[in-house]
Amino acid sequence: MTTTSTTTSTTTSTSDTPAAAAPGAAAASDFIRDIVAADNQSGKHGGKVVTRFPPEPNGYLHIGHAKSICLNFGIAGENPGGVCHLRFDDTNPAREDVEYVDSIQEDVRWLGFDWGANKFYASDYFERLYQYAEELIKLGKAFVCDLTAEEMISFRGSPTVPGRESPYRERTVEENLNLFAAMRAGDFADGAKTLRAKIDMASPNIHMRDPAIYRIRKVDHHRTGDAWGIYPMYDYAHCLSDSIEGITHSICTLEFEVHRPLYDWILDALKTPCHPQQIEFARLNLSYTVMSKRKLLQLVQEELVEDWDDPRMPTIAGLRRRGVTPEAIRHFCARIGVTKYNGLTDIALLEFSIREDLNRRALRVMAVLRPIKVVLTNYPEGQTEEMPAVNNPEDPAAGSRTVPFSRVLYIERDDFMEVPAKKFFRLFPGNEVRLRYAYIIKCNTVIKDDAGNITELQCTVDPDSKSGGATAGRKIKGTIHWVSAAHALTAEVRLYDRLFTVPEPDNAGEGRDFKEFLNPHSLETLTDCKLEPSLATAVPETRYQFERLGYFRADPKDSAAGKPVFNRTIGLRDSWAKEQAG
RNA sequence: UGUCCGAUGGUGUAAUGGUAGCACAAGGCCCUUUGGAGGCUUUUGUCAUGGUUCGAAUCCAUGUCGGACAGCCA
């Protein structure tokens, strides 16, 4: 799968280039930055700051990863000489794929970060990791175990019950060395043996109860092919990879807190280049969505969404396709902060960051999503006027354009009510509204078909009320958008909404599956939308605000030349909708 | 009746022994040729109980509540 990148500022760089500090989202300090600053002060790591972002290439990156990316690359960028590595934690070939390593790189780059020459793979270290394991065996701190997976579970005990030692625990160093070599040589079946660290089966920390550090898996690896039939486990590979790369601060999420003693044990047991400090922070939880790769994969595989880059997905690729900008994501990440408290962030905060950014940069245009025809009975047939319109009131440099106006227009169905609700100050029989950048009109006649559906509104214009005209300053409560029927571009527009109907689909009750809470209205496809003609040449790189409706961008996959398909990134704040709901 | 971690308005965070502040959300007002944006404004908070201190969100103790951990996943 490929997705068009919407930024062009991907810079190539050389080794030891400081990690790019993406501009515009200066993060306030947090407890991790405090630790880094204190370590710099004390000279703990010789003044160096080396972080890493270590994804497993078994899925697409999501907004939660963005938090980690902004943290790790951010810290590197803020410290003189700081570097952030991109390291693929590819120790489980059964689940990993090059599609994911490609998408991960694209997403990190798109977010605005640069690892320079510092791209690594845990699989780069397989040989060294193997040697370290032999070292551990020689030290009497690792042994080959023949227990089956089921047996190992029963020997492990439980959080409150100590485990029992494996009967294979006291094999000699020589026997272990031979067996481990035979494991590597492929002499045993998958799962027949493991290499285990020899620590303490009675430890109150289950991760210290002789954890497996190598398992036999005769599976081809996406980088090493069939060179290996044994693969190191996360706890063993990660700390050593960190050390090999000279990482100073190994930042990970809270669930690894309990693993830290093992991280430290391995590095203390071996002669390694350095001993990085593992620091844990709370992963991002966002309301009205799910964040686990397993669940996102499920949505993709069961075709509940189009793909990993479905605009409803909280993936970086999905947000990008929807029209969210990297700046908005970075600002969001700066705003949510970094702590050890495992909370639930309101998705409204993300939505705010998106609107904030898009409001600054989006070109304003007029588009009618659900058209209703308006005929201006006192406007000359065949006449067209070009109405000047501002492209972006937030940015004078964006200039202006003209929009064609004529006798037959489309307006939004929602902008007319035959029987007006209270506080409705748009169009209704006998009422006047202002047409944005044009005239004040008055509704006189409602025309319906046999079924009683409204097919046409007959209105009259106040000819002096044209923008800049004699009566243009008249106080009119409502202003609505419109598109000239004769000039309109008909297009497909997709309205996206929250993927789930409940704040915590993950957590919605005993035995309930998160998919029960999928929002049936998360995608609404409109095929008869009428757009102002300037949109015919819209490209995915340009963000638009359809006035009074929301922010839109041309879909990078489904748009064709001269025939754009638009995605709604997010709606405008809508105080009328709020009024009605309240 | 294990180990580790955490707890500040509805939500996310700041205050590092010295005036509990910011943002989002919610409400109100002003402004507006986008019911957008913007401006002003209001409501709501230190888990509990003790202790140390001139002074505690912060330090200590106890309790309560919440989270993570029992893959040959990461």
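Owing to the predicted nature of the structure, the values given are computational and were not obtained by experimental measurement. (Residues numbered from 1 in each chain as written. Chains lettered and ligands numbered in written order. Predicted model: local features only at pLDDT ≥ 70, side-chain atom pairs only at ≥ 80, totals over all residues. Heavy atoms only, no water.)

Novice: With reference to specific residues and values, describe the overall build of chain A.
Specialist: Assigned secondary structure in chain A consists of 13 helices and 25 strands. Considered along the principal axes of its C-alpha atoms, chain A spans approximately 100 × 50 × 40 Å. Evaluated residue by residue, chain A yields a buried proportion of 53% over its 582 residues. Contacts in chain A between residues at least 24 apart in sequence constitute 72% of all its contacts with a sequence separation of at least 6. A total accessible area of about 25100 Å² is found for chain A, and carbon and sulfur atoms account for 50% of it. If the 71 positive side-chain charges of chain A are averaged to one point and the 82 negative ones to another, these points end up 4 Å apart. (Helix = DSSP H or I, 4+ residues; strand = E, 2+ residues; numbered from the N terminus. Buried < 20%, exposed > 50% of the residue type's maximum accessible area, 1.4 Å probe, protein only. Contact = heavy atoms within 4.5 Å. Areas by Shrake-Rupley, 256 points an atom, 1.4 Å probe, with all protein chains shown as cover. Lys, Arg positive; Asp, Glu negative; His and termini not counted. Charge placed at Lys NZ, Arg CZ, Asp CG, Glu CD.)

Novice: Kindly report on the sheet that holds strand S22 (residues 523-531), identifying the contributing residues and their values.
Specialist: Taken in spatial order, the seven strands of this open sheet run S10-S23-S24-S25-S21-S22-S11, and their pairing is mixed. On the outer flanks of this sheet lie strand S10 (363-365) and strand S11 (367-368), each paired with one strand and no other. In this sheet, strand S24 (residues 550-554) lies alongside strand S23 (residues 543-546) in antiparallel orientation, the contact comprising four bridges. Paired with Arg 543 across the two strands is Arg 553, which belongs to S24. Each of S10, S23, S24 and strand S25 (565-571) is contacted by helix H12 (residues 347-361), which is oriented at about 120° to S25, the strand it contacts most. (Pairing = 2+ DSSP bridges. Axes fitted to C-alpha atoms, helices over the stretch in contact; angles between N-to-C directions.)

Novice: Describe the packing of aromatic side chains, with residues and values.
Specialist: Evaluation of the coordinates by the stated rule reveals 22 aromatic pairs. Cluster of aromatic residues (ring-pair linked, three or more members): Phe 126, Tyr 130, Phe 180, Tyr 214, Trp 228, Tyr 231 and Tyr 236. Between Arg 223 and the ring centre of Tyr 121, over which it is positioned, the NZ or CZ distance is 3.5 Å. (Phe/Tyr/Trp six-rings, centres within 6.5 Å; stacked < 30°, edge-to-face > 60°. Lys NZ or Arg CZ within 6 Å of the ring centre and 35° of its normal.)

Novice: Lay out the pairing of S23 with the relevant residues and their values.
Specialist: With burial as the criterion, each face of S23 is covered, one bearing Arg 543 and Gln 545 and the other bearing Tyr 544 and Phe 546. Here three bridges tie S10 to S23, and the two strands are oriented parallel to one another. By the bridge assignment for S23, Arg 364 is matched with Gln 545. Linking S23 back to S24 in an antiparallel pair, the connection comprises three residues, with Arg 548 at a positive phi of about 70°.

Novice: For the protein's contact with RNA strand B, give the residues involved together with the corresponding values.
Specialist: Close to RNA strand B lie 68 residues; His 207, Arg 364, Arg 426, Ser 467 and Gln 545 are nearest. Looking at RNA strand B alone, sugar and phosphate atoms form 65% of those within 4 Å of the protein. Here a sugar or linking oxygen of RNA strand B sits 3.0 Å away from a polar atom, N or O, in the side chain of Arg 436. Between a phosphate oxygen of RNA strand B and a main-chain N or O atom of Thr 479, the distance comes to 3.4 Å. Contributing elements (two or more residues each) for the surface near RNA strand B: helix H5 (149-156), strand S6 (212-216), helix H11 (326-336), H12 and helix H13 (575-581). Considering only residue class, the surface near RNA strand B consists of 26 nonpolar, 19 polar and 23 charged. (Near = heavy atom within 4 Å. Polar contact = N/O pair within 3.5 Å; in protein donor to acceptor, adjacent residues only side chain to side chain. Nonpolar A, V, L, I, M, F, W, Y, C, P; charged D, E, K, R; others polar.)

Novice: Lay out unusual backbone geometry in plain terms, naming residues and giving numbers.
Specialist: Note: most residues except glycine have negative phi, and most peptide bonds are trans. With a phi angle near 55°, Glu 303 is a residue other than glycine that sits in the positive phi range. With respect to the helices and strands, the residue Glu 303 is situated in the loop between helix H9 (293-301) and helix H10 (316-322). Judged by relative accessible area, which is 67%, Glu 303 ranks as exposed. We note that Tyr 437 has phi near 65°; this positive angle belongs to a residue other than glycine. By the secondary structure assignment, Tyr 437 is in the loop between strand S16 (432-435) and strand S17 (440-448). Looking at Tyr 437, the relative accessible area reads 14%, which means it is buried.

Novice: Tell me about the nonpolar core, and name the residues and values.
Specialist: The biggest cluster of nonpolar side chains holds 38 residues, and the ones touching the most others in it are Leu 129, Phe 180, Leu 195, Tyr 214, Tyr 236 and Leu 240. Among the secondary structure elements, those contributing two or more residues to this core are helix H4 (126-138), strand S4 (142-145), helix H6 (173-185), strand S5 (194-197), S6, strand S7 (230-232), helix H7 (234-244) and helix H8 (260-269). For this core, the leading source of residues is H4, giving seven residues. Setting aside chain neighbours within four positions, we find Leu 129 in contact with Ala 122, Tyr 214, Pro 232, Tyr 236, Ala 237, Leu 240 and Ile 244. Cys 84, Val 108, Leu 111 and Leu 358 belong to the second largest nonpolar core, which has 37 residues in total. (Core = buried A, V, L, I, M, F, W, Y, C linked by side-chain atoms within 4.5 Å.)

Novice: So what's going on with the pattern of salt bridges? Residues and values would help.
Specialist: Side chains that differ in sign of charge can pair as their charged atoms come close. For the coordinates displayed, the defined rule picks out 49 salt bridges. Glu 306 is the salt-bridge partner of Arg 321, the closest N and O atoms lying 3.2 Å from each other. On the criterion of sequence distance, the pair formed by Arg 321 in helix H10 and Glu 306 in the loop between H9 and H10 is long-range, its members being 15 residues apart. When salt bridges that share partners are traced, they join Glu 306, Asp 309, Arg 321, Glu 492, Arg 494, Asp 555, Lys 557 and Asp 558 into one network. (Salt bridge = Lys/Arg side-chain N within 4 Å of Asp/Glu carboxyl O.)

Novice: So, the packing of helix H1 (residues 31-42) against helix H2 (residues 63-78): which residues are in play, and what are the values?
Specialist: Put simply, H1 and H2 touch, their axes get as near as 11 Å, and they point 35° apart. Taken as a pair, H1 and H2 cross one another with a handedness that is right-handed. Of the residues in H2, those in contact with Ile 32, Arg 33 and Val 36 of H1 are Leu 71, Gly 74, Ile 75 and Glu 78. In terms of residue class, the contact of H1 with H2 is made up of four nonpolar, one polar and two charged. (Left-handed = near helix turned anticlockwise from the far one by under 90°.)

Novice: Can you explain the sheet that holds strand S1 (residues 50-53)? Please cite residues and give values.
Specialist: Pairing in this open sheet of three strands is parallel, and the strands run S1-S2-S3 from one edge to the other. Each end of this open sheet is capped by a strand with a single partner; those strands are S1 and strand S3 (119-121). Ignoring which end each strand starts from, the neighbouring axes of this sheet average 35° apart. As paired elements, strand S2 (residues 83-88) and S3 share three bridges and run parallel to each other. Counted as the bridge partner of Phe 88 is Tyr 121 from S3. Contacts from helix H3 (residues 98-111) reach S1, S2 and S3 within the one sheet, and its direction differs from that of S2 by about 160°.

Novice: Run through the environment of Met 152, naming residues and quoting values.
Specialist: Turning to its location among the elements, Met 152 is positioned in helix H5. Judged by its relative accessible area of 11%, Met 152 is buried. Along the primary structure Met 152 and Asp 210 are separated by 58 residues, whereas in three dimensions their C-alpha atoms are 9.9 Å apart. Contacts of Met 152, omitting those with residues within four sequence positions, involve Leu 147, Thr 194 and Arg 196.

Novice: Break down H9 for me, citing the residues and quoting the values.
Specialist: Those residues of H9 not exposed but buried are Lys 293, Lys 295, Leu 296, Gln 298, Leu 299 and Val 300. Considering only its buried residues, H9 is in contact with H2. Following H9 by one or two positions, Glu 303 has its phi on the positive side, about 55°.

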